[in-house]
Amino acid sequence: DSGVTQTPKHLITATGQRVTLRCSPRSGDLSVYWYQQSLDQGLQFLIQYYNGEERAKGNILERFSAQQFPDLHSELNLSSLELGDSALYFCASSVDSGTYSEQFFGPGTRLTVL
Amino acid sequence: QQQVKQSPQSLIVQKGGISIINCAYENTAFDYFPWYQQFPGKGPALLIAIRPDVSEKKEGRFTISFNKSAKQFSLHIMDSQPGDSATYFCAASASNYQLIWGAGTKLIIKP
């Protein structure tokens, strides 16, 4: 158990809908990262927050947005969902914003768009 | 220049054999090279990492070999066991760069 929690574990929704994925980082970690992993694909970095501020942006679609709250939990909002958005979404956390810091991954949220 | 190229995409090794996964990078600024291990249904977890001041780092049956001049690094798993069956990701970063991930290698160890 990495100490990172993600809810929900599974999510099934329809095209055009909007969903929110939630992540609670490990105690003491200030950075949160979001990744998308499609079936048999690698990890696509979406976005990083550090202590409430956006730190880095990867291949995140305009339909997706995220934020990190004062209690350091983070939410990833996916809107106007398409079939291709079906994937595993991972949240990871690290103690600081440094690129040398170990990232601790949560168990993921499996999103299915029908 | 930001890519990390990982090969092979999949690998089948007999129990007791040596598993070797290779990664190559272009950006000479990269100075941190971790390997993450992901079991089915789980998130990745850091397995072992190396900085370019050493050419090899060993932790148990897992070894990273690093070739700075060739801009390549590899993961060797000695005496591979069925419990090592997982997807392995290499990655690279530097102080001003996000972690850049390889595409992953699905490793199957046959009993």
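Rules and cut-offs
- Residues numbered from 1 in each chain as written.
- Chains lettered and ligands numbered in written order.
- Predicted model: local features only at pLDDT ≥ 70, side-chain atom pairs only at ≥ 80, totals over all residues.
- Heavy atoms only, no water.
- Pairing = 2+ DSSP bridges.
- Helix = DSSP H or I, 4+ residues; strand = E, 2+ residues; numbered from the N terminus.
- Axes fitted to C-alpha atoms, helices over the stretch in contact; angles between N-to-C directions.
- Salt bridge = Lys/Arg side-chain N within 4 Å of Asp/Glu carboxyl O.
- Buried < 20%, exposed > 50% of the residue type's maximum accessible area, 1.4 Å probe, protein only.
- Contact = heavy atoms within 4.5 Å.
- Buried area = accessible area lost by both parts, 1.4 Å probe.
- Polar contact = N/O pair within 3.5 Å; in protein donor to acceptor, adjacent residues only side chain to side chain.
- Nonpolar A, V, L, I, M, F, W, Y, C, P; charged D, E, K, R; others polar.
- pLDDT = per-residue confidence, 0-100.
- Phe/Tyr/Trp six-rings, centres within 6.5 Å; stacked < 30°, edge-to-face > 60°.
- Disulfide = S-S within 2.5 Å.

Right, let's get into the sheet that holds strand 6 (residues 56-59) of chain B. Residue and element names in this part refer to chain B. Judged by pairing direction, the sheet is antiparallel, and its 5 strands sit side by side in the order 1-3-8-7-6 without closing on themselves. Edge strands, defined here as strands with exactly one partner in the open sheet, are strand 1 (4-7) and strand 6. When strand polarity is set aside, the average angle formed by the axes of neighbouring strands in this sheet is 15°. For strand 1 and strand 3 (residues 19-25), the ladder comprises 4 bridges, and the chain directions are antiparallel. If you follow Gln-6 over to strand 3, its bridge partner there is Cys-23.

It is worth spelling out the pattern of salt bridges at this point. Residue and element names in this part refer to chain A. Summed over all chains, the structure comprises 7 salt bridges over all chains. Glu-82 serves as the salt-bridge partner of Arg-63, at 3.6 Å between the closest nitrogen and oxygen. Within this pair, whereas Arg-63 is found in the loop between strand 6 (53-57) and strand 7 (64-68), its partner Glu-82 is found in the loop between strand 8 (74-78) and strand 9 (87-94), the two being separated by 19 residues in sequence. Residue class for Glu-82 comes out partly exposed when judged on its relative accessible area of 44%.

All names here are of chain A. Strand order in this open sheet of 4 strands is 1-3-8-7, and the pairing throughout is antiparallel. One side of each edge strand has no neighbouring strand; the edge strands of this open sheet are strand 1 (5-7) and strand 7. With strand direction ignored, the average angle separating the axes of adjacent strands in the sheet is 15°. Bridge count between strand 7 and strand 8: 5 bridges; the pairing is antiparallel. Residue pairing across strands places Phe-64 opposite Leu-78, the latter belonging to strand 8.

On to the interface of chain B and chain A, then. Note on interface size: it is often stated as the accessible area lost on association of the parts. Chain B puts 19 residues into the contact, and the matching count from chain A is 17 residues. Between chain B and chain A the total buried area reaches about 1500 Å² when both faces are included, carbon and sulfur atoms providing 53% of it. Linking chain B with chain A are 0 salt bridges. Inspection of the chain B/chain A interface yields 7 residue pairs in polar contact (both at pLDDT 80 or more). When grouped by side-chain class, the residues that make up the side of chain B that touches chain A number 10 nonpolar, 6 polar and 3 charged.

Bringing the confidence of the model for chain B into the picture now. Confidence in the prediction for chain B averages 94 pLDDT; 98% of positions are at 70 or higher. Element-level mean pLDDT values for chain B span from 91 in strand 10 (residues 100-101) of chain B up to 98 in strand 8 (residues 72-77) of chain B.

Attention now moves to the packing of aromatic side chains. Residues and elements named next belong to chain B. With the rule as written, the count across this model stands at 17 aromatic pairs over all chains. Ring centres 4.9 Å apart and planes at 55° place the aromatic pair Tyr-36 and Trp-101 in the tilted group. Residue Tyr-36 is found in strand 4 (residues 33-38), and its partner Trp-101 is found in strand 10; the two are separated by 65 residues along the sequence. Just as Tyr-36 is buried, Trp-101 falls in that class too.

What follows concerns the pairing of strand 3 of chain B. All names here are of chain B. Side-chain alternation along strand 3 places Ser-19, Ile-21, Cys-23 and Tyr-25 on a buried face and Ile-20, Asn-22 and Ala-24 on a face that remains uncovered. Bridge analysis of strand 3 against strand 8 gives 6 bridges, and the strand direction is antiparallel. Opposite Cys-23, over in strand 8, you have Phe-73 as the bridge partner.

In this section: the state of the cysteines. For the structure on display, the rule yields 2 disulfides over all chains. With its sulfur 1.8 Å from that of its partner, A:Cys23 forms a disulfide with A:Cys91. Since a negative S-S torsion denotes a left-handed disulfide, the A:Cys23-A:Cys91 link at about -50° is left-handed. With A:Cys23 in strand 3 (residues 19-24) and A:Cys91 in strand 9, the pair connects residues that are 68 residues apart, well separated along the chain. Relative accessible area serves as the criterion here: at 0%, A:Cys23 is assigned to the buried category. Residue B:Cys23 pairs covalently with B:Cys90 via a disulfide, S to S 1.9 Å.

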